[in-house]
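Tertiary structure, described
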Amino acid sequence: MATEKEEQSFIRFADKVGYDIGESMARNIVGLYQRTFDFLPEMAVFAASYIVKRTFTRHTTPPRHIKNSIRFFFHNVFEYNEAGNSKESQKVKIVSPYVRVFPSALPHSSLFKKDTHVNVVSIFVSADYLKSFLGTDGHRFRFLFESDNNFLIEEIMSDDLIRTVNDIVKKEPPDTLKDYHYRLKVLELLFYLFQRLAKREQSAHQKLSGKDIKAIYQVRDKLISSLEKPTSITVLKKIAGMNELKMRQVFIQVFGMGIYEYYQQVRMKEAARLLREEKLSVSEAGYKMGFENLSHFSRVFEKHIGSKPKKYSMGYI
């Protein structure tokens, strides 16, 4: 459980940053771990682990003391093992990891479901501060700094991102220059994220409404609900309530790749999990993911994971 000292430290941090925690959070979660990093006025970071006691929705607001901030929200990227020893943890569900990027001022509602275990790292960065680090590469990410553009992007996690988050959350701080160390670690985390964002399929960024964002996540959720068989474009269009062109454009804008490419990426990550964690054979994993031809499965797996499934299952990558 989070200590009283941790909770008081987090409250002081939120007050200093001008971030409204909200009464719903205090009433409906069991805090396990909290850690804060204050780099005001350019940046602020907090990490937390908690279990949701009751389902609720929270409407977030931007931190008042970081000008024109962008939020980087890393969700379930690290593990907090103490939860495994608590009574609440016996029934909790772990939600898959992701990282989302959006303007802090973008109206945003988060649904917290009962009996889920959540681990988060949230970074608020001044847009001007971030732009100064991007330097001559800033033109690639122009949409981040256009004040009239509401954007939301989600990125698939990489080993570099996961390792750096765990360095920030789990490792003991150095004896000297602690603030300097953590500021560099946070910037390192953003560096690895922007490396991935730079590889995204290029598309013209359009202003997204709350309705657009909700619709495209419904499309994504439907797409990955049946990994053994792709959902037809006709069904996805009906869910989105958009024409096919707009649906494809918005999907690429948010997720950085086309619909079918995203489906295959998630499909192969699940196949990798089946091989490593469930200890399925290559043929069993391939058939479970809907492949009738194991040679085809092997080629697709290698394209997305970087290794043939047999080598991957033996821990060679």
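Shown above is the structure to which this text applies.
First, a word on what this report is: a plain description of the structure on this page. Computed from a prediction, not measured in an experiment: that's the story for all the values here. (Residues numbered from 1 in each chain as written. Predicted model: local features only at pLDDT ≥ 70, side-chain atom pairs only at ≥ 80, totals over all residues. Heavy atoms only, no water.)

**Observations concerning the pattern of salt bridges**
Oppositely charged side chains can pair when the atoms bearing their charge come close. Applying the stated criterion across every chain, the model contains 19 salt bridges. In this structure, K185 engages D167 in a salt bridge whose closest nitrogen and oxygen atoms are separated by 3.0 Å. Of this pair, K185 sits in helix 5 (residues 178-198) while D167 sits in helix 4 (residues 159-170), placing them 18 residues apart in sequence. Comparing K185 with D167 shows no difference in burial state: the two are buried. (Salt bridge = Lys/Arg side-chain N within 4 Å of Asp/Glu carboxyl O. Helix = DSSP H or I, 4+ residues; strand = E, 2+ residues; numbered from the N terminus. Buried < 20%, exposed > 50% of the residue type's maximum accessible area, 1.4 Å probe, protein only.)

**Here's the deal with unusual backbone geometry**
Omega for the peptide link from L40 to P41 comes to 10 degrees, which places this bond in the cis form. Here N68, not a glycine, exhibits a phi torsion of approximately 50 degrees, which is positive. Tracing the backbone shows N68 in the loop between strand 3 (56-60) and strand 4 (69-75). With relative accessibility at 53%, the residue N68 sits in the exposed group. Backbone geometry places K279, a non-glycine residue, at a positive phi of 60 degrees. Here K279 is to be found in the loop between helix 9 (259-276) and helix 10 (282-288).

**Observations regarding the layout of surface pockets**
Of the voids in this model, the second largest pocket is the one considered here, and its volume is about 450 Å³. Around the second largest pocket, the lining is made up of 18 residues, and of these S9, R35, T36, F37 and K178 lie nearest the centre. Breaking the lining of the second largest pocket down by element, the ones donating at least two residues are helix 1 (4-17), strand 1 (29-39) and helix 5. Among the residues making up the lining of the second largest pocket, the classes are represented as 7 nonpolar, 3 polar and 8 charged. (1 Å grid on protein atoms, 1.4 Å probe; cavity = no way out; pocket = protein on both sides within 12 Å on 5 of 7 lines; lining within 4 Å. Points joined across faces, edges and corners; volume = space filled by probe spheres on them. Nonpolar A, V, L, I, M, F, W, Y, C, P; charged D, E, K, R; others polar.)

**With respect to the environment of V45**
Summarising the element assignment, V45 is placed in strand 2 (residues 43-52). Note: C-alpha distance between V45 and I66 (21 residues apart in sequence) is 12 Å. With residues near it in sequence (within four places) discarded, V45 still touches F13, R35, T36, F37, F39, V121, S122, I123 and V186. (Contact = heavy atoms within 4.5 Å.)

**Looking at the packing of helix 6 (residues 210-224) against helix 8 (residues 244-255)**
In contact at an axis separation of 10 Å, helix 6 and helix 8 are set at 85 degrees when each is read in the N-to-C sense. Comparing the axis directions of helix 6 and helix 8 gives the class roughly perpendicular. Only K246, M247, V250, F251, V254 and F255 of helix 8 make contact with helix 6, whose side of the interface consists of D212, I216, Y217, V219, R220 and L223. Taken together, the residues that form the contact of helix 6 with helix 8 break down as 9 nonpolar, no polar and 3 charged. (Axes fitted to C-alpha atoms, helices over the stretch in contact; angles between N-to-C directions. Parallel < 35°, antiparallel > 145°, perpendicular 65-115°, else oblique.)

**Things to note about helix 6**
Under the 1.5 Å per step criterion, the end-to-end length of helix 6 is 21 Å for 15 residues, consistent within 8% with the ideal 21 Å. Those residues of helix 6 hidden inside the fold are in contact with strand 6 (98-103), strand 9 (153-155), helix 7 (233-240), helix 8 and helix 9. (Expected span 1.5 Å × (residues − 1).)

**What to know about a nonpolar patch on the surface**
Side chains of L177, Y180 and L184 sit close together on the surface and give an oily, nonpolar patch of about 350 Å² of accessible area. As for its placement among the helices and strands, L184 is situated in helix 5. (Patch = residues over 30% accessible without salt bridge, like charges linked within 9 Å, V, L, I, M, F, W, Y side chains within 5 Å. Areas by Shrake-Rupley, 256 points an atom, 1.4 Å probe, with all protein chains shown as cover.)

**A closer look at empty space enclosed by the protein**
Empty space among the atoms becomes visible once a probe the size of a water molecule is rolled across them. Throughout the structure, instances matching the rule amount to 1 cavity of 30 Å³ or more. Roughly 30 Å³ of internal volume is contained in the largest cavity. The wall of the largest cavity is formed by T60, T61, P62, P63, R71, F102, S104 and F124. Looking at the lining of the largest cavity, its residues break down into 4 nonpolar, 3 polar and 1 charged.

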